[in-house]
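Listed here are the chains, written in short residue letters.
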Amino acid sequence: MKLFILFYLLIFVTFGGYSQSIKGRDFGNLTFKIVEKHIVDTAKVNIFYTLDFRLDPKKPEKMKHAQTFLQIGKHSRCFKDYNDFLSDSINDDCATNSINSSSGIIQLMNVGRKIKYYEMVMHGYLDGKLLRRQKGVLVQRYEFEDSIPLFDWIITERDSTILNYKCKMATCHYRGRDYEAWFAEGISMPYGPDVFGGLPGLIMDIHDTQDHYHFKLNGLYTLNHTQLIYKKISNKVIPSSRKKARKVYKYSREFPAQAIEHAFPNPNRSLEAMAKLKPKPYNPMELE
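Every chain is numbered on its own, with residues counted from 1 as its sequence reads. Whole-chain, interface and lining totals are the exception, using all residues; otherwise, since this is a predicted model, local features are given only for residues with pLDDT of at least 70 and side-chain atom pairs are given and counted only at 80 or more. Each side-chain value is worked out from all heavy atoms of the structure, with water and hydrogens disregarded.

In this structure, what is going on with the overall build of the protein? I would like to understand it.
On a plain count of helices and strands, the protein comes out with six helices and 15 strands. Relative accessibility under 20% of the residue-type maximum defines a buried residue, over 50% an exposed one, and the middle range a partly exposed one, all with a 1.4 Å probe and only protein chains included. In the protein, buried positions account for 45% of the 288 residues. By the convention used here, residues are in contact when the closest approach between their heavy atoms is within 4.5 Å. Here the analysis covers contacts within the protein between residues at least 6 apart in sequence; of these, 59% occur between residues at least 24 apart. Note on areas: Shrake-Rupley with a 1.4 Å probe; residue coverage comes only from the protein chains shown. Total accessible area on the protein stands at roughly 15800 Å², and carbon and sulfur atoms take up 54% of it. Secondary structure elements follow DSSP: runs of H or I no shorter than four residues count as helices, runs of E no shorter than two count as strands, and numbering proceeds from the N terminus.

Written out as structure tokens, the structure reads:
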């Protein structure tokens, strides 16, 4: 357990949102800094979706689970892992209220372990484009512009009831996958998780037909307090293109040791430890 805690401490000390002043092993002197943000809008509504996804299609029993959410503001929307947002909030609370560093680190560790979805999609930040971030090598994130999707939705005759709302099913094909979506016309918001939307009602459930990625709505709240929609400013974020970001992520899965060495050169790194890094399956939501 001590090694586990120390590992997370090192991750936060090296890459976290605060500076450090450490003497020996005294972690009590850590100080938190407010996360630097480019504020885009203020959220009016939060829509929560669970996400079950398979990074290895050959092992369907190995599912990853994430809690994601969609912030809807006056002119912008942002979709991300909720625990990523919560981590920023905890960090800022620690910085603002001078919370004991040990207590703050424990809170950040607990939340950080729950972050599973490393994508971010923002509507309304760029004129006529999406702003997207996706995972690079280790803590890196690649940021790029993307086109706003035009989905070829086909609304079917099938219907169902989800969370007491009458829903209809629609299908579409998007970037290499076929999708089935259930939407509620009784909730007049043409939105959904990630990049999805454009139906005459809120998407309550959407999954690809192989069930590798499955979003399910599990919460909808109108906010009565100020919640910012923002782009986090960080030196871990690398401006890129969609093509390059996808290429880097695929390479990091297929050749993890080489990708780490290229992204973070270190002559003192253990070659033996690096040799133990094995390729990981590559199964992104967007196949094309």
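Next, the rest of the story.
For this particular structure, what's the right way to read the pattern of salt bridges?
We count a salt bridge whenever a side-chain nitrogen from Lys or Arg sits within 4 Å of a carboxyl oxygen from Asp or Glu. Scanning the entire structure with this criterion turns up 14 salt bridges. Of the charged contacts in the structure, one is a salt bridge between D88 and K232, with a shortest N-O distance of 3.0 Å. Of this pair, D88 sits in helix α2 (residues 82–97) while K232 sits in strand β14 (residues 228–232), and the two are 144 residues apart along the sequence. The class of D88 is buried, set by a relative accessible area of 6%. Each member of the salt-bridge network shares a partner with another, and the members are R132, D146, R175, R242 and E286.

Please clarify how the pairing of strand β5 (residues 77–81) should be interpreted in this entry.
Burial analysis of β5 places five of its five residues in the buried class, the great majority of the element. Whether two strands pair depends on DSSP finding at least two bridges between them. With five bridges joining them, strand β4 (residues 64–73) and β5 adopt antiparallel strand pairing. Residue pairing across strands places Q71 opposite C78, the latter belonging to β5. Linking β4 to β5, which pair antiparallel, is a turn of three residues. As defined by bridge partners, β5 adjoins strand β6 (residues 120–126) across three bridges and the pair is classed as antiparallel. Across the sheet, residue R77 finds its bridge partner in β6, namely H123.

Looking at this structure, how should I read the pairing of strand β11 (residues 177–184)?
Within a regular beta strand, the side chains point alternately toward one face of the sheet and then the other, so they alternate between its two faces. Within β11, six of the eight residues are buried, leaving the element largely enclosed by the surrounding structure. Alignment of strand β10 (residues 165–174) against β11, held across eight bridges, turns out to be antiparallel. Within β11, the residue paired with T171 across the bridge is E180. Between β10 and β11, which pair antiparallel and follow one another directly, the connecting turn spans two residues, one of which, R175, has a positive phi of 45°.

Please clarify how unusual backbone geometry should be interpreted in this entry.
For residues besides glycine, phi is generally negative; the peptide bonds are generally trans as well. Within the chain, L138 stands out as a residue other than glycine whose phi angle is a positive 55°. You can see L138 is positioned in the loop between β7 (129–135) and β8 (141–147). Although it is not a glycine, N164 adopts a positive phi angle of roughly 70°. Assignment of secondary structure puts N164 in the loop between β9 (154–162) and β10. In this structure N164 comes out as exposed when scored by relative accessible area, which is 77%.

What's the story with the packing of α2 against helix α3 (residues 101–112) in this structure? I'm lost.
For any two helices packed against each other, the geometry comes down to the angle between their axes and how far apart the axes lie. To obtain each axis, a line is fitted to C-alpha atoms, and for helices this fit is confined to the stretch in contact; angles are then taken between N-to-C directions over 0 to 180 degrees. Two numbers describe how α2 lies on α3: the axes approach to 9 Å, and their chain directions differ by 175°. Comparing their axes, α3 and α2 come out roughly antiparallel. Here N83, L86, S87, I90, N91 and C94 of α2 come into contact with α3, specifically with G104, Q107, L108 and V111. Classifying every residue of the contact of α2 with α3 gives five nonpolar, five polar and no charged. Here roughly perpendicular refers to angles of 65 to 115 degrees, roughly parallel to angles under 35, roughly antiparallel to angles over 145, and oblique to all remaining angles. Throughout, the ten residues Ala, Val, Leu, Ile, Met, Phe, Trp, Tyr, Cys and Pro are labelled nonpolar, Asp, Glu, Lys and Arg are labelled charged, and all others, Gly among them, are labelled polar.

Which parts of the structure should I look at to understand helix α4 (residues 242–254)?
Take the number of residues in a helix, subtract one, and multiply by 1.5 Å to get its expected span. Between the first and last C-alpha of α4 there are 18 Å, a value that for 13 residues agrees with the 18 Å anticipated at 1.5 Å per step. The set of residues buried in α4 consists of R242, A245, R246, V248, Y249, S252 and R253. One face of α4 carries all of its buried residues, which in axial projection span an arc of 160°. Of the residues in α4, the exposed ones pointing more than 90 degrees away from the buried face are K243 and K247. Its buried side turned inward, α4 meets β7, β8 and α5 (256–263). Within this analysis, the arc is defined by the directions that extend from the helix axis to the C-beta atoms.

For this particular structure, what's the right way to read the packing of α4 against α5?
Running from amino to carboxyl end, α4 crosses α5 at an angle of 125°, the nearest separation of the two axes being 5 Å. Judged by the inter-axis angle, α4 sits oblique to α5. Counted together, Y251, S252, R253 and E254 of α4 and P256, Q258 and A259 of α5 form the full contact between these two elements. Looking at the contact of α4 with α5 residue by residue, the class counts come to three nonpolar, two polar and two charged.

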